[in-house]
Structures are given as structure tokens and as C-alpha cells.
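Below are the chains, spelled out letter by letter.
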Amino acid sequence: MRVDDRVLQTVVFVGNTRYGHFDPHGTGFVTISRDSGGSSGWQTLVTARHVIEGTTRITNKITVRLNDRSGNWIDKIYDRSEWFFHADENIDVAVCPTNLRKSDYSILHCPTDGNILNKSVLNYYNIGIGDEVNVAGLFRHDLSPSRNIPVIRTGTIAAMPHGRIRTTHGYQESFLIEIRSIEGLSGSPVSVGIPPLRDVRLPTGPIPHLFGAAPDYVPPNRGESAPYLVGMMLGAFEVSRPSDSMQFVSDSSSSTETQPPPSGYSINTGLAAVLPTESIIEAVEQPEVKAARKEMVDLYTDERPLGPTAD
């Protein structure tokens, strides 16, 4: 499926800067949400908690690199104290209230009160295993000297969330997706496209999705694919001693001997964990995050919304 080029504008790169050199650790994106009863949009940076923890092992300053309106990258520096983790330490997400004006930066938002894969959308479209997903993120091995150039990775849903799975960063309630994941995609937004002619007829009987029965849902009236935010990429699963794999053949063309994988060698399984959007919203709506956002608003003298919603 052709991916809308604008998806590349939803992501930023996260890392640290030392001696004038930017060291990338992962990807992030900007959500926009509205306070209850309000019309103003408020921005929040989102990435994986382990990206922030990895960045702050060296310095308490986090560098977020994004493109400005002229097409060149620009660095925004945040202090470690400006980032908040989910109240559940097992949920690998970090958020930071921010102010990134679209008049200054080439950035698009991922709305947390718009096109998200909540229980209504998931059940209405009968989204499940085999559906194609897209991941926009950092290719950290080939950074451009002048601008961010994100990449798109494409995969499919391999398993729906049906309980927490063990990862190196805790037990996560996650989607599993089959994808060619690479280092640098942690914190990337994951979306699913809904073709306009999607067959939404549901199977008989209860749908065994995590989100349960869906309330009434009215799909948007649009004539093109509608991407919905599935969640955030956490990382790929790897194995060091696979028990079911092809053996490595020696480099000698005259020999048919096989040899085991080198010591310490790890293999990407092709499966990655994706944190559902609902966990991201929980982190964004924490009282301490709202308090930090209010403090930012109080310091903003002209009272204009921090996150303009118009593209």
C-alpha cells in the first residue's frame, strides 16, 4: 500500500549532543490533544522510556532533532526533569509537554483524540492479524548532514494484545508485528491504513479483541485511506542461540562443513512489540504532566494555543 509522504513529517529524532556531535538513540513523535471542554490543542513529545534512559546515562540533556520550515534540521534541548514516565513502571513510554509551532517547524501531529486505533475503530473495521502496518522512524546509521530523513518500515500484525509479554524493559501489553525492525525505531509511531473499500462485516459471535465490545462508531466520511495510530514501537525480539534455524555454511566454497553461529551472535526474530495508543494517552493525561503543561501555559504571555491544529 502506498504510504502518504506526510507521515515522514510526524517523527523527530531523540538523542544527546556532546562536543557538537549529535548521537541519536531513537525516534519520537508529537501528539496533540485538547483539554476537556477546551478548543486549544496542546502538544506532547512521546518516545520510549528506554530511549530517554539510554540518552541520560551520559547527560541530563535530551536533544530532539527536527526539521524547520526551510528544510534544515534544528535541535531543541530538553532537561531530563521535563520528561515523565508512565505511572506503571512496566509501561515503556516517556512524554514531555512542549511548544513546537508549525510556523517554525515542519511537523505534523498524531492526534490522541482523532485517528487512533481505539476499541470502536478496531472492532468496526475488524482489524486484526495480517493487517498491514507502517512504522516511520530513524535510520540512525545514515544521518543526513543537513536534515532529518526518516524511513518507513512496513509489516503486518502478528498478534493482538491478549496479556502482557516479557521484554527487556518490563512486561508490556503489546501488539506483536512482523517487521524488519532496525536500531533507532524505538519510539516510532505505528499506523494502520484503512482502505476506503474495506469489508467491515464482522464474524458472528463475540470478537476476542483486547478492547472488548465496541460502542457505536461512525467512520469518517473520506474517499482515501485513513491511517490510524496503532501505538508506539518498543523494539524487536532477538535470540542468541536459535534452536530451529538453518546452519551457517563456511566461507570455503570447497567445503560443505557447517558451523554454529559465532559466540555472542544475535538474530532478529522479525517480531517487534508495539505499545497500544491507550497506554500513551494514559501517560499524557497523568496529573503531573497536566500540571507541567499548565505551568508552561501560564508562562506563555500572549495566551495563544501552544499547538495549532491547522496543518
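Draft legend 1. Highlighting the packing of aromatic side chains. Counted according to the given criterion, the structure contains three aromatic pairs. The interplanar angle of 85° and the centroid separation of 5.1 Å between the aromatic rings of Tyr124 and Tyr125 together place this pair among those described as edge-to-face. Tyr124 sits in the partly exposed class, given a relative accessible area of 27%. Looking at Tyr125, the relative accessible area reads 9%, which means it is buried. Here the aromatic rings of Tyr125 and Tyr228 are separated by 6.1 Å at their centres, their planes lie at 50°, and the arrangement is tilted. Of this pair, Tyr125 sits in the loop between helix 2 (119-124) and strand 9 (132-137) while Tyr228 sits in strand 15 (residues 226-239); the two residues are 103 residues apart in sequence, bridging distant segments of the chain. Neither residue differs from the other here; Tyr125 and Tyr228 are each classed as buried. Among the aromatic residues, those joined into a ring-pair cluster are Tyr124, Tyr125 and Tyr228. Over the ring of Trp73 we find Arg65, and its NZ or CZ is 3.4 Å from the ring centre.

What counts, and at which threshold
- Residues numbered from 1 in each chain as written.
- Predicted model: local features only at pLDDT ≥ 70, side-chain atom pairs only at ≥ 80, totals over all residues.
- Heavy atoms only, no water.
- Phe/Tyr/Trp six-rings, centres within 6.5 Å; stacked < 30°, edge-to-face > 60°.
- Buried < 20%, exposed > 50% of the residue type's maximum accessible area, 1.4 Å probe, protein only.
- Helix = DSSP H or I, 4+ residues; strand = E, 2+ residues; numbered from the N terminus.
- Lys NZ or Arg CZ within 6 Å of the ring centre and 35° of its normal.

In short, the description is geometric, and any link to function would need to be established separately.
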